[in-house]
Every structure is written in C-alpha cells, then in structure tokens.
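These are the residues of each chain, in order.
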Amino acid sequence: MPDHPPPPTASGLDLKPLLAIIAAGGTEDRIALARLMGDLMSAPPAGPDDAHLLLAMALGLAADPDLDVRHALAQALAPVSQLESDLLFAIISDIDPIALPFLCATPSLTPWHMLAVLRVGDVARQASVALRPDLDPALAALIVQELPWPVNQLLLENPAVSLSGPQYWTLYDRFGGSPEALDALLARPGLPAELRITEVRKASARLRLLLAERRWLPARAAAALLAETEEEAILAVLVATAAEDLGGAAAFLEENDLLTPSLLMRAACLGAWDVVAAALAALADLEVAELDFAPGRLKSVIARAGLPDACLWTLRAAHEVAEAESQDVFRLTEDEFGAEMIERLTGGYQGMTAAAQEQSFDLIARFASPAVRQEAMLRMKAAAA
C-alpha cells in the first residue's frame, strides 16, 4: 500500500519574510497575516525553529498597536488548541472586546490557566472562566468560596456545573443578605430543602418583628397567623423536594423542633403522603421502608413517633386515599384528596368512637384546603349532634 501523505505543516511557507510584515507592513497586510495565523499554528511545524518563529510572529501581532490586527488574531487563534501560555495571556490581557470572546472560546485554556485568570483577572475575565463548559470542579469550588457575586451568578448559569449542598450553603452564607443573590439562589432547583426552610424561618422572623412594631394585629392573632403561614411555606418546600431528599429534610426539621404534629397533619390532609411518611420515619427514628401502615399497626407507629392518639383515624384515612391514588394514573387535587378522606371517615371505621370521628373532622377542618374545611365543619357538627 502507498504511504499516507504527511500532514500539512507550516513549512509550506517561508516564515522569515512574514516577520517583516509585522515590522514594516501596512495595516491590511498585518490583518491578512493575523487571519493566516490560525491555519499556520494549527498545522504541525516542520521543526523547532518554525515553532519559535510562529510564536514570535503571533506575539508580535498580539502587541500590534492597531486594534483591528489584534482582533483578527484573536478570532483566528480562538479555535486553535495548545497555544503557548505567553500568547494566551497576551490575548487575554487585551481589551475586553478582544479578550473576553477569546477567553470563552479557546480550547487552549488548561485548569492552570483558568486558575491564573481567577486569581489575578478582573471580574469580567473571572466571569468568562465561570461560564466555560470545561470548568474544573475544583475551580468552581474556588469561585464559590472566594470570588464576588457577579462571578458566582454566572457560575450558577453554567449548565456544565453542578454545585453540592454545602456549596449552596456557602453561597447563602456569603451572599444571602443581598436580595438579588437570594432570589437567584432560591430559583435554583438543586437548592437544599434545609436551606429553603432556613430562609422561610428568617422571613417569618422578619415579618413577626414587623407586625410587633406596627401593631397591625393583636399579638395572639399575629402569632397564630405567622405560625400557620410559616408551616404552609415549609410544607410547600417539602412537597417540592425530591423523594430521595425528603428524609434529610425531615431530619433537619426534627433536629430544629419544627417537625410538629400540625405540620404532619397538614401534609396528610392536603395529600402529601410522601412528606407524611418521611416525617413519621424521622420522628420514630426509622426508615420509611420500616413503617407499617396496616390498620392494626398504625397506632404503634403513631405512638413511636410521639403523635397524639387523635391523629390515628385521620392518618388512616389519608393513607387509604393515598394508596388508592397510587393505583390510578390520575392525581387528586387537594380538594379531591380531602373530600375522599371525609367520605372514608363519614363511613366510619371499626373501633372509632363518635368522639374520635368528631376529632378527625376537626383536624381536617383545620388543615385541609379551604373548600374541604367547610365540608369538614359541617360533618363535625353532625357528628357532635
């Protein structure tokens, strides 16, 4: 078989006369040479002398007093890999319209080069590195820990970067006092539920202070309103949390004395059974898979979780509706879920007294959706009659 033709090299041109263009050629000649540099530097040089000449030519063009020459060079070299560090930094240190597009595009930037830009570059250059699809995770961690918010804001927009829970906490600790940064963090789908809950508590505390200062409501009414609002906000966070993360969120709530019976019953009456199961597991110090919701075992689960006995029949009804829903392709709305619970409790269970039925309707009247609450109040009055 015939030998393969050798790859093209820069030796197809006599490079030495090209140096004269840099020293004495006109602007158009230097622009034309700058545009040729991409092809010349992409091809393997014939030898070390050619490599040195090419680098000297490129460095000369990178220092050209004419903006158009430097711009043409940066555009030509942007797709070229394995550029020398001196040449890279010569272009990166140019004015923003030349440097930033090159910095975003060049494949020659190694993690070492990126680190140098992050350490000594201005915010615009740091931000360009933060947006690169090949950003090293260690450099992302450096940005999170040390660099200003504008750089981190763009880091959050980089689809190639996945931040960990602790890194989100670092950003929250550093920039959570800024409304702009806080809004950007809360918009992140990967933000830990524990962090969202912490922010709910802080917002509730600010509102509590405001109500106390302005005296818009009596103290008792304000406290009740804030407690309900905070609990609803925490439940919304839990409902939006991925199933695999619910256990950690429930444990966080339990450790901070936030996993209350009212929160658990609110979740049950609104159809958030996954939240109920995670909460019961955290309170009972069990895994969700270890929970037994069979009618004869539910009471022991409730006792181990430290919940009042009055929760028994409401939780049983919620579990039955959730089980039936899981067998259907259609999801129930909060109103439909609560209505199904009422129907099961109205039918009664073996061993459920009239007083227990009344208590169950009372729980639904307190924690279900507004439309269901009205119906539960009517059933409660009927049970009490």
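The structure under discussion appears in the preceding block.
Residues numbered from 1 in each chain as written. Predicted model: local features only at pLDDT ≥ 70, side-chain atom pairs only at ≥ 80, totals over all residues. Heavy atoms only, no water.

Caption draft 1: Structural context of a negative patch on the surface. On the surface, a cluster of negative charge is contributed by Glu254, Glu255, Asp257, Asp285, Glu287 and Glu290. With respect to the helices and strands, glutamate 290 occurs in the loop between helix 17 (273–284) and helix 18 (298–305). Its relative accessible area of 52% is what places glutamate 290 among the exposed residues. (Patch = residues over 30% accessible without salt bridge, like charges linked within 9 Å, V, L, I, M, F, W, Y side chains within 5 Å. Areas by Shrake-Rupley, 256 points an atom, 1.4 Å probe, with all protein chains shown as cover. Salt bridge = Lys/Arg side-chain N within 4 Å of Asp/Glu carboxyl O. Lys, Arg positive; Asp, Glu negative; His and termini not counted. Charge placed at Lys NZ, Arg CZ, Asp CG, Glu CD. Helix = DSSP H or I, 4+ residues; strand = E, 2+ residues; numbered from the N terminus. Buried < 20%, exposed > 50% of the residue type's maximum accessible area, 1.4 Å probe, protein only.)

Caption draft 2: Inspection of the packing of aromatic side chains at higher detail. Under the counting rule described, the total for this entry stands at 5 aromatic pairs. Residues tryptophan 313 and tyrosine 349 carry aromatic rings whose centres are separated by 5.8 Å and whose planes lie at 15° to one another, so their mutual orientation is stacked. One end of the pair, tryptophan 313, is in helix 19 (residues 312–326); the other, tyrosine 349, is in the loop between helix 20 (334–347) and helix 21 (354–367), with 36 residues separating them in the sequence. Taken individually, tryptophan 313 and tyrosine 349 each receive the classification buried, so the pair is uniform in this respect. (Phe/Tyr/Trp six-rings, centres within 6.5 Å; stacked < 30°, edge-to-face > 60°.)

Caption draft 3: Expanded view of the environment of alanine 383. Its place among the elements puts alanine 383 in helix 22 (residues 370–384). Among the residues examined, alanine 383 registers a relative accessible area of 19% and is labelled buried. Those residues within four positions of alanine 383 in sequence are excluded, and the remaining contacts are Gln357, Glu358 and Phe361. (Contact = heavy atoms within 4.5 Å.)

Caption draft 4: Inspection of the environment of valine 151 at higher detail. With respect to the helices and strands, valine 151 occurs in helix 10 (residues 149–157). Taking the C-alpha atoms as reference, valine 151 lies 6.7 Å from valine 123; in sequence the two are 28 residues apart. Residues contacting valine 151, with those up to four places away along its chain left out, are Val123, Gln126, Ala127, Ala130 and Ile143.

Caption draft 5: How the structure looks around the packing of helix 21 against helix 22. Running from amino to carboxyl end, helix 21 crosses helix 22 at an angle of 160°, the nearest separation of the two axes being 8 Å. Classified by the angle their axes make, helix 21 and helix 22 are roughly antiparallel. Pair helix 21 / helix 22 crosses with left-handed handedness. Residues Gln357, Glu358, Phe361, Asp362, Ile364, Ala365, Arg366 and Phe367 of helix 21 form the contact with helix 22, whose participating residues are Val372, Arg373, Ala376, Met377, Arg379, Met380, Ala383 and Ala384. (Axes fitted to C-alpha atoms, helices over the stretch in contact; angles between N-to-C directions. Parallel < 35°, antiparallel > 145°, perpendicular 65-115°, else oblique. Left-handed = near helix turned anticlockwise from the far one by under 90°.)

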